[in-house]
Each structure stands twice: as structure tokens, then as C-alpha cells.
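Report on the structure
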Amino acid sequence: MIYTVECLCVVNKTQEMTDDKNQYINTYSIFSKEPQKLQEILENYEVINWKQILQIQGCQESLGEGIRRAAFLKSVKVKYDDALLLITKDILKFTVSNNTKLESWGETGHPEEEYGSGDPNFKFSQLDISHSGLVNDSWKLGQNEKSLLYIQRCIQTQPAYCLLGSEGHPVTWAILQPTSEMGIAYTLDGYRRRGILKQLVAHYLKFLRQKNMPFYLSVVKENEAALRSVMQFGFFEASCGWHQWTCYPQTSSLTG
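As a convention, each chain's residues are numbered from 1 in the sequence order in which they are written. Only residues with pLDDT of at least 70 get local features here, since the model is predicted, and only at 80 or more are side-chain atom pairs given and counted; chain-wide, interface and lining totals rely on the full set of residues. In computing side-chain properties, one takes all heavy atoms of the structure into account and sets aside hydrogens as well as water.

Digging into the side chain of Thr 187
- Only runs of H or I of at least four residues qualify as helices and only runs of E of at least two qualify as strands under DSSP, and these elements are numbered from the N terminus. Mapped onto the secondary structure, Thr 187 falls in strand β9 (residues 182–187).
- Buried residues are those whose accessible area, probed at 1.4 Å on protein chains only, stays under 20% of the maximum for their type, while exposed residues exceed 50% and partly exposed ones sit between those limits. On the basis of relative accessible area, Thr 187 is assigned to the buried category, the value being 9%.
- Each polar contact in these results corresponds to two N or O atoms within 3.5 Å; when the atoms are within protein, one needs to be able to donate a hydrogen and the other to accept it, and residues that are neighboring in sequence are counted only if both atoms are side-chain atoms. Polar contacts involving the side chain of Thr 187 include one to the side chain of Thr 172, which spans 2.8 Å.
- Contacts of Thr 187, omitting those with residues within four sequence positions, involve Val 171, Thr 172, Arg 192, Ile 196 and Leu 197. Any two residues whose heavy atoms approach within 4.5 Å are treated as being in contact.

So, in C-alpha cells, the structure goes:
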């Protein structure tokens, strides 16, 4: 984590950012009180490893100009994506304390130990590393070797929660990503329209609140069905939005 007077940049653990081509893991979250000075900060501080394919995320669209200018000077191509940022009242009141377990999933106590599904056909459980292939194959933003490694990391370090069917295999799941974004949620064909993902999310959110863990969602504007669904859980649209800049070095073998 890197601080300046004007800017806060949260970086994944550098020892995990060893693959220059893995944009899922090479992720930065940036907030700036003075976005107009961001270019200068990115140029003069060794904050960003511009030799990697990477993602920069934030809740300020105004960061884009500084990111693009700094990237241009580094011969880096930038792809911009945006979505609605959905939060609950919890995040507005959130404070970090000794009870906050952001990187200690193995120590927190798990939801299946505290809640029952209420349906004998399904059992709440933690996702296992052996489930990572199934999760990756169903993730529209993944389905490749790099995303598989990212999902494995999430399952090992973050709350990754599912419902097991009668045969003991996951039928619906959701994962809290290192940025505190809830996502990678999916329900297998044959189990949809039965309300099991809704049941899963309700218990999942209760668990995160009890453990004082922050969370949010991003949903593309066109996905009206997802918006209606998540708003049932008290999520509402933040005015700032969710923004991501994916950066591709143009003068290296990474894009060859």
C-alpha cells in the first residue's frame, strides 16, 4: 500500500505479482483527492509496474486522464471499462478494526459452521481448490489459464462460498475478491430459478457483516436482471460508478 498526500494506491502483494501477463492478479486500486495530479504521481513514484499487463480500478472516472497520460509516456495501451458501483449502508459506516479479517479466511470461522440451508438437498460449504476449474469455466471474464490461477488464489485467501448439491458438488457459488468486490457468482443450469443463489447470498452477506469485512458489487448497466436481484439485498447505486483501466505494454513481448 502506497500513500502520498494526494493519492492512495492499494497494490496486491508484490510477491504474488510475478507473472507479467496475469492482469487478474496485477491489480491496483487508486483513490486521489487531486486527480489532476495523478499523472505526476504515477510518473515520479515507482507505484505502477508498467512492464506488466495490469488493471487499475477506482471509483473516480476523473482518474482516467492521468492514467492515460502516464501510460502514453510508457508506451502502454489502455482499455477502459465502467459499470455501476453498488454498495450498502454497511460500507458507508465501515471502519477497520482488530476484528477485521481481510486476508485471514482460514482463521475467521466459516459460514457453514454457523448456518443451515433449510433445504436438505443443499449444504452450505466453502469452495475448495479442487472446484477452481468448474468456477473458471463458468466465469465469462475468465476461462483461461491466468484466470484459473487467480480463482485458485481467491479460494485460498478469500471467503469463497457455495451450495453443494445432493452429490456433493457445487451448484451455485460466489467469491469475495481481493479488492473486496463480491463476484464470480454463478448457478449451474438445472438449478436456476429455484432461489438458491439468493439464499446463498443472504447468508454470505450476513457472514461478511459479522466478520466486519467490507464488500461491494459492480454490475454493467445493461444487466437489468442482475440489478433487480442485488437490490433486494439492500444494495443501491453509488453516484461515482466503478471504473477500470486495463493496461497493455506495447514495446515488450507481452503483446506479441
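A closer look at the environment of Gly 64
- Following the sequence through the fold, Gly 64 ends up in helix α2 (residues 63–73).
- Gly 64 sits 29 residues away from Pro 35 along the chain, and the two C-alpha atoms are 8.7 Å apart.

Some thoughts on the confidence of the model for the chain
- On average, the chain scores 87 in pLDDT, and the residues at 70 or more come to 86%.
- Within a predicted model, pLDDT stands for the predictor's per-residue confidence, ranging from 0 to 100. The weakest mean pLDDT in the chain belongs to strand β1 (residues 2–3) at 50; the strongest belongs to helix α4 (residues 132–138) at 98.
- Per-residue pLDDT stays below 50 along residues 102–108; that stretch engages in 19 contacts with residues further than four places along the chain or on separate chains.

Here we look at the sheet that holds strand β8 (residues 170–176)
- Strands are labelled as partners when DSSP assigns at least two bridges between them. Read from one edge of the open sheet, 4 strands run β6-β7-β8-β9, paired in antiparallel fashion. Every interior strand has two partners, whereas the edge strands, β6 (123–126) and β9, have only one. In this sheet, neighbouring strand axes are inclined to one another by 15 degrees on average, regardless of whether the strands run parallel or antiparallel.
- With 5 bridges joining them, strand β7 (residues 160–164) and β8 adopt antiparallel strand pairing. Residue pairing for β8: Leu 164 is matched across the bridge by Pro 170.
- Seen against the sheet, helix α5 (residues 145–157) touches β6, β7, β8 and β9 and runs at an angle of roughly 80 degrees to β8.
- Orientation is described by axes fitted as lines to C-alpha atoms, over the contacting stretch for helices, and by angles from 0 to 180 degrees between their N-to-C directions. Those strands touched by helix α6 (residues 196–210) are β6, β7, β8 and β9, and its axis lies near 35 degrees from that of β8.

Examining the packing of aromatic side chains
- Each Phe, Tyr or Trp ring (for Trp, its six-membered ring) is paired with any other whose centre lies within 6.5 Å, and the angle between the two planes then decides the class: stacked below 30 degrees, edge-to-face above 60, tilted in between. Throughout the structure, instances matching the rule amount to 9 aromatic pairs.
- Between Phe 124 and Tyr 161, the aromatic rings sit 5.5 Å apart at their centres with planes inclined by 35 degrees, giving tilted as the arrangement. Residue Phe 124 is found in strand β6, and its partner Tyr 161 is found in strand β7; the two are separated by 37 residues along the sequence. Neither residue differs from the other here; Phe 124 and Tyr 161 are each classed as buried.

Regarding the pairing of strand β4 (residues 54–58)
- With respect to burial, β4 is a largely interior element, 5 of its 5 residues being buried.
- Taken together, the 3 bridges between strand β3 (residues 27–32) and β4 define a ladder with parallel strand orientation. Of the residues in β4, the one forming a bridge with Ser 29 is Gln 57.
- The handedness of the β3 to β4 crossover, carried by helix α1 (residues 38–44), is right-handed.
- The sheet contact formed by β4 and strand β12 (residues 242–249) spans 5 bridges and is antiparallel. Within β12, the residue paired with Gln 55 across the bridge is Thr 246. Crossovers are marked right-handed if the path from the first strand over the helix to the second runs clockwise, as seen with the strands pointing away from the viewer.

Notes on the nonpolar core
- Membership of the largest hydrophobic core comes to 35 residues, with the highest contact counts inside it found for Ile 30, Leu 42, Ile 48, Trp 50, Ile 56, Leu 127 and Ile 175.
- Excluding residues within four positions of it along the chain, Leu 42 makes contact with Ile 30, Ile 48, Trp 50, Gly 66, Ile 67 and Ala 70. Take the buried residues of types Ala, Val, Leu, Ile, Met, Phe, Trp, Tyr and Cys, join any two whose side-chain atoms come within 4.5 Å, and each joined set is a nonpolar core.

Section: α6
- In a helix, the anticipated span is given by 1.5 Å times the number of residues less one. Given a rise of 1.5 Å per residue, 15 residues ought to cover 21 Å, and the 21 Å separating the end C-alpha atoms of α6 matches this to within 8%.
- For α6, the complete set of buried residues consists of Ile 196, Leu 200, Val 201, Tyr 204, Leu 205, Phe 207 and Leu 208. Down the axis, α6 shows its buried residues gathered within 160 degrees of arc, on one side only.
- In this structure, the buried residues of α6 make contact with β6, β7, β8 and β9.
- Where α6 ends, the next residue or the one after it, Asn 212, has phi of about 60 degrees, a positive value. Arc definition: directions from the helix axis to the C-beta atoms.

Concerning the state of the cysteines
- A pair of cysteine sulfur atoms is labelled a disulfide when the two atoms are within 2.5 Å. The final tally for this structure, using the stated rule, is 0 disulfides.
- The thiol sulfur of Cys 9 is not disulfide-bonded, and the nearest other cysteine sulfur, from Cys 7, lies at 6.1 Å.
- Look at Cys 9 and you get buried, because its relative accessible area is 3%.

A word on the pattern of salt bridges
- By convention in these notes, a salt bridge is any Lys or Arg side-chain nitrogen within 4 Å of a carboxyl oxygen on Asp or Glu. Counted according to the given criterion, the structure contains 8 salt bridges.
- Here Lys 146 and Asp 19 are joined by a salt bridge, their closest N and O atoms 2.6 Å apart. Here Asp 19 lies in the loop between β2 (7–11) and β3 and Lys 146 lies in helix α5, a separation of 127 residues in the sequence.
- Its relative accessible area of 24% is what places Lys 146 among the partly exposed residues.
- Taking the shortest distance from any N to any O, the salt bridge between Lys 79 and Asp 81 comes out at 2.8 Å.
- Given the relative accessible area of 41%, Lys 79 is considered partly exposed.

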